[in-house]
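# Fold and contact review
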Amino acid sequence: MLIPLTPEEEAFRDEVRRFLDEALTPALRAAGRRCSGIFTEYPAGNDWHRILARRGWSVPHWPVEHGGTGWTPLQHYLFASELAAADAPPRAAMGPQMVAPVLIAFGTPAQQQRWLPGIRAGEDYWCQGYSEPGAGSDLASLQCKAVRDGDHFILNGTKIWTTHAHHANRMFCLVRTSREGKAQQGISFLCFDFKLPGITVRPIPSISGDHELNQVFFDDVRVPADALIGEENQGWAIAKYLLQHERGGAWAPLLHARWRRVREALDRAFAGPLAARPERADLRLQLAALRVRIEALQALELRTLRAQAAGAPVGVSPSIGKLLATELKQALTELHLQVAGTDALARTPLDEAEAHALPVDEDAVFALSAYFNDRAASIYAGTNEVQRNLVAAHLMR
């Protein structure tokens, strides 16, 4: 940490470390280390969520009355840092960190009681219906239609890039309920059972070989009208509120963990007689420069925490954090791939008799998968170009 901790904060950190030492099995740690995407595959990720739920730590950022912990902003940051350092599986954010804050802020008591307990316990798994084939960064142009029919909405259309839809049993979704006025004025926010008749999920395999993404089709899907969050045609404000939670959070702890992994790979690649190879110094210099950038991001995050603790608005801090962090993720995976390639070349079989042995270890496979996955980091949750525009608009107003 870049700031000194009080005795109480040190005691909290030590409590978290003891819990992680006991609760994180070797299999869960392996799942965390093998996670090259945004979060771990469903089985390991949800198993870990349920372990945290039994400890009362699955949704620490929620208000206490809904199951949160009441921690200070710095305690939340320490918790995130210890999770990353221990290789805990990164958990899916769609339920706990994205739709849950919306339900707490805009949902009725009945809606909160219906959905929050399942999110907290890990019994429900949510997916996000935002992007469409013709509406990504320009989300207001979405066309997925919901027509009111008595006590139901009838949904028709499609959503794309729907992460983990093949595991989900719940969905939160932006739909068009009116074409009058500006495009943003005719959008509504729905939460519903994802197993309703008329919903089709088609996989979108990624270039990394993972199956995280899907396209979802709605064909005359009857969604109960009480799935509407807030007022009809007022979903755009809710959508923007949710995006603040999607873009925000603590990026530096995970980047520190990724940086340490690249350093370990670099040490292995130039161990023993290979230490004198000339490219080692250049790679170490690149790694050091990235460490400085991560420390700068952490300083920004800690400053934001202090402002939050004082009751100040976060402003465009989530956009700045998303912009800096995703570019750092890409730079780290590029360097990791370069190190892994250097290591593989150094261990390439020297003759045909050795050629049956693949000269690439698991870490190199991870580096390649992470590289491909992180190409999208500057696109999802609002492109980095959009984030720059948001920051510029904030500074120039």
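Now for a quick tour of the structure. (Residues numbered from 1 in each chain as written. Predicted model: local features only at pLDDT ≥ 70, side-chain atom pairs only at ≥ 80, totals over all residues. Heavy atoms only, no water.)

### Quick look at the overall build of the protein
Looking only at helices and strands, one finds 12 helices and eight strands in the protein. Rg of the C-alpha trace for the protein: 22 Å, near the compact-globule value of 21 Å for 397 residues, within the 12% margin. Oriented by its inertia axes, the alpha-carbon framework of the protein measures out at about 75 × 55 × 45 Å. Of all 397 residues assigned to the protein, the portion counted as buried reaches 48%. Surface accessibility of the protein: about 18900 Å² in total, with carbon and sulfur atoms responsible for 56%. Between the mean site of the 42 positive side-chain charges and the mean site of the 45 negative ones, the protein shows a separation of 3 Å. (Helix = DSSP H or I, 4+ residues; strand = E, 2+ residues; numbered from the N terminus. Rg over C-alpha atoms; globule rule 2.2 N^0.38 Å. Buried < 20%, exposed > 50% of the residue type's maximum accessible area, 1.4 Å probe, protein only. Areas by Shrake-Rupley, 256 points an atom, 1.4 Å probe, with all protein chains shown as cover. Lys, Arg positive; Asp, Glu negative; His and termini not counted. Charge placed at Lys NZ, Arg CZ, Asp CG, Glu CD.)

### Things to note about helix α11 (residues 362-374)
For α11, built from 13 residues, the straight-helix expectation of 18 Å at 1.5 Å per residue is met to within 8% by its first-to-last C-alpha distance of 18 Å. All buried positions along α11 are accounted for by Asp363, Ala364, Phe366, Ala367, Ser369, Ala370, Asn373 and Asp374. (Expected span 1.5 Å × (residues − 1).)

### Re the packing of aromatic side chains
Under the definition given, this model contains 14 aromatic pairs. When the ring of Phe106 is compared with that of Tyr241, the centres are 5.3 Å apart and the planes differ by 85 degrees; the resulting orientation is edge-to-face. Of this pair, Phe106 sits in helix α5 (residues 94-106) while Tyr241 sits in helix α7 (residues 235-247), and the two are 135 residues apart along the sequence. Assessed through its relative accessible area of 33%, Phe106 is described here as partly exposed. We classify Tyr241 as partly exposed; its relative accessible area is 31%. Look at Trp115 and Trp126: their rings are 6.0 Å apart centre to centre, the planes differ by 85 degrees, and that puts the pair in the edge-to-face class. (Phe/Tyr/Trp six-rings, centres within 6.5 Å; stacked < 30°, edge-to-face > 60°.)

### Quick word on the environment of Ile104
Along the chain, Ile104 falls in helix α5. By relative accessible area, Ile104 is classed as partly exposed at 21%. Sequence spacing of Ile104 and Trp62 is 42 residues, and the spatial spacing of their C-alpha atoms is 8.5 Å. In this view, Ile104 contacts Trp62, Pro63, His66, Gln112 and Leu116; residues no more than four positions away in its chain are not counted. (Contact = heavy atoms within 4.5 Å.)

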